[in-house]
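This is what each chain is made of:
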Amino acid sequence: MGSLYSEYLNPNKVQEHYNYTKETLETQETTSRQVASAFIVILCCAIVVENLLVLIAVARNSKFHSAMYLFLGNLAASDLLAGMAFVANTLLSGSVTLRLTPVQWFAREGSAFITLSASVFSLLAIAIERHVAIAKVKLYGSDKSCRMLLLIGASWLISLVLGGLPILGWNCLGHLEACSTVLPLYAKHYVLCVVTIFSIILLAIVALYVRIYCVVRSSHADVAAPQTLALLKTVTIVLGVFIVCWLPAFSILLLDYACPVHSCPILYKAHYFFAFSTLNSLLNPVIYTWRSRDLRREVLRPLQCCRPGVGVQGRRRGGTPGHHLLPLRSSSSLERGMHMPTSPTFLEGNTVV
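None of these values were measured; they are calculated from a predicted model.

Caption draft 1: View of the overall build of the protein. Scanning the protein for helices and strands turns up 14 helices and zero strands. Listed N to C, the secondary structure of the protein is α-α-α-α-α-α-α-α-α-α-α-α-α-α in terms of helices and strands. Evaluated residue by residue, the protein yields a buried proportion of 47% over its 353 residues. For the protein, long-range pairs separated by at least 24 residues make up 79% of all intrachain contacts whose partners lie at least 6 apart in sequence. Of the roughly 16700 Å² of accessible surface on the protein, 68% is carried by carbon and sulfur atoms.

Encoded structure:
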């Protein structure tokens, strides 16, 4: 074990693994590569800005401090960090890669794995929370905070463990024949483990939302039709984008596990598949947040304040800044899908109908 960790600072180890797994080493910064890197950096900056606006909206408005919106904030935080990690990954790629030590390489790849995993686990946590809240057919009880903190904490803890396994020892240093082609210092069995876990998460999310649909459909069917349709529409978009964004990356990693070294040339283009999966972090706020009219207005508020004269006119029309905060009524499809009725009496006194 001591000899394994002694290789972590060896400046020649990364090049040794890349020479073994790659047919050619792309160390020259060609124009096309520079354009692709610039595009990825711009995309990730958009991810950071978009999710930062969501976090600001959730943090500044106490009306968004309910459990569901805090989960959305956690998702935005993980996606924001994913964008930052992918920027670092892009800037440390190419010719810089071969100058890294193994510990630096593990930190580069591990940070991206941790943040992207946290984003996926956040989606699972949201699905679990929705299932628990709706399946019980009641408003949040006294255990709300405890359950929320457990889900958020567990998602980050599992992500840290999953992304940190290679630097803790589950790698292929000293065993070149066991190395991944896509990630030359990662063991193929670790890659298979990650793909398996992500696939199970996808199936779990699908199963949970199917269960939610069944519960909604069987409860108050005569009045819940609009809520059912809104929920199904949102869930369909979420699952569809998740599958579209992640399926290519899952497929390339499965192919990496199955293919012997140098036998699958498409593996040398894997970075395009991972870049495409990052779109999920860009689209998550669009799916979960922008279908909420009230949260959309709050997210756009900082941008509107930057326009000349908007802040003064807004204060004249709306009075004090505190009065600008909109009530969380069921005014959009996301609200209608999240705030489910518990009884006919609840429906009569709520804006759902």
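Caption draft 2: Geometry of the packing of helix H3 (residues 31–60) against helix H4 (residues 67–91). Direction vectors running N to C along H3 and H4 enclose 155°, while the axes themselves pass 8 Å from each other. One finds that H3 runs roughly antiparallel with respect to H4. H4 is crossed by H3, and the crossing has left-handed handedness. Looking at the contact of H3 with H4, its residues break down into 18 nonpolar, five polar and one charged.

Caption draft 3: Structural detail: the packing of aromatic side chains. For the structure shown, the criterion picks out eleven aromatic pairs. Geometrically, the ring pair formed by Tyr8 and Phe106 is tilted, given 5.5 Å between the ring centres and 55° between the ring planes. Separated by 98 residues along the polypeptide, Tyr8 in the loop between helix H1 (2–6) and helix H2 (13–21) and Phe106 in helix H5 (residues 102–135) bring together distant segments of the chain. Seen in terms of ring centroids, Trp105 and Tyr186 are 5.2 Å apart; in terms of plane orientation they differ by 85°. Their pairing is edge-to-face. Pair noted here: Trp105 is in helix H5 and Tyr186 is in the loop between helix H6 (144–168) and helix H7 (188–218), with a separation of 81 residues, a long-range link. Of the aromatic side chains, those joined through ring pairs into one cluster are Tyr8, Trp105, Phe106, Phe113, Trp170, Tyr186 and Tyr190.

Caption draft 4: Looking closely at the confidence of the model for the protein. Summarising the model, the protein shows a mean pLDDT of 77, and 75% of its residues fall at 70 or more. Per-element confidence in the protein is highest for H2, whose mean pLDDT is 90, and lowest for helix H14 (residues 344–348), whose mean pLDDT is 32. Below a pLDDT of 50 lies the segment residues 311–333, which in the model reaches 39 contacts outside its immediate sequence neighbourhood of four places, other chains included. Segment residues 336–353: pLDDT under 50, and 34 contacts once partners within four positions in sequence are set aside and those in other chains are kept.

Caption draft 5: Highlighting the pattern of salt bridges. Enumeration according to the criterion identifies five salt bridges in this entry. The salt bridge involving Arg60 is made with Glu298; its shortest N-O contact spans 3.4 Å. Taken together, the residues Arg60 in helix H3 and Glu298 in helix H11 (residues 293–305) connect sequence positions 238 residues apart. A relative accessible area of 46% places Arg60 in the partly exposed class. Members of the salt-bridge network, linked through shared partners, are Glu7, Lys13 and Glu16.

Caption draft 6: Expanded view of H4. Over its 25 residues, H4 runs 37 Å from end to end, which matches the ideal 36 Å to within 8%, given 1.5 Å per residue. In terms of burial, H4 is a largely internal element, 19 of the 25 residues being buried.

Caption draft 7: Region of the structure containing the nonpolar core. Of all hydrophobic cores here, the largest spans 74 residues; its most connected members are Trp105, Ile126, Tyr186, Phe198, Tyr209, Trp246 and Tyr288. Of the residues forming this core, the biggest block, 13 residues, is contributed by H7. When sequence neighbours within four positions are dropped, the list of residues in contact with Ile126 reads Met68, Phe71, Leu72, Leu75, Tyr209 and Tyr288. The next biggest cluster of nonpolar side chains, apart from the first, holds five residues, and it includes Ile40, Cys44, Phe86 and Val87.

Caption draft 8: Examining the packing of H4 against helix H10 (residues 279–288) more closely. For the pair H4 and H10, interaxial distance at closest approach is 9 Å and the crossing angle is 160°. It follows that H4 is roughly antiparallel to H10 by the angle criterion. Where H4 crosses over H10, the two elements pack in a sense that is left-handed. Residues Leu72, Leu75, Asp79 and Ala82 of H4 form the contact with H10, whose own contacting residues are Ser281, Asn284, Pro285 and Tyr288. Across the contact of H4 with H10, the residue classes tally to five nonpolar, two polar and one charged.

What counts, and where the lines are drawn
Residues numbered from 1 in each chain as written. Predicted model: local features only at pLDDT ≥ 70, side-chain atom pairs only at ≥ 80, totals over all residues. Heavy atoms only, no water. Helix = DSSP H or I, 4+ residues; strand = E, 2+ residues; numbered from the N terminus. Buried < 20%, exposed > 50% of the residue type's maximum accessible area, 1.4 Å probe, protein only. Contact = heavy atoms within 4.5 Å. Areas by Shrake-Rupley, 256 points an atom, 1.4 Å probe, with all protein chains shown as cover. Axes fitted to C-alpha atoms, helices over the stretch in contact; angles between N-to-C directions. Parallel < 35°, antiparallel > 145°, perpendicular 65-115°, else oblique. Left-handed = near helix turned anticlockwise from the far one by under 90°. Nonpolar A, V, L, I, M, F, W, Y, C, P; charged D, E, K, R; others polar. Phe/Tyr/Trp six-rings, centres within 6.5 Å; stacked < 30°, edge-to-face > 60°. pLDDT = per-residue confidence, 0-100. Salt bridge = Lys/Arg side-chain N within 4 Å of Asp/Glu carboxyl O. Expected span 1.5 Å × (residues − 1). Core = buried A, V, L, I, M, F, W, Y, C linked by side-chain atoms within 4.5 Å.

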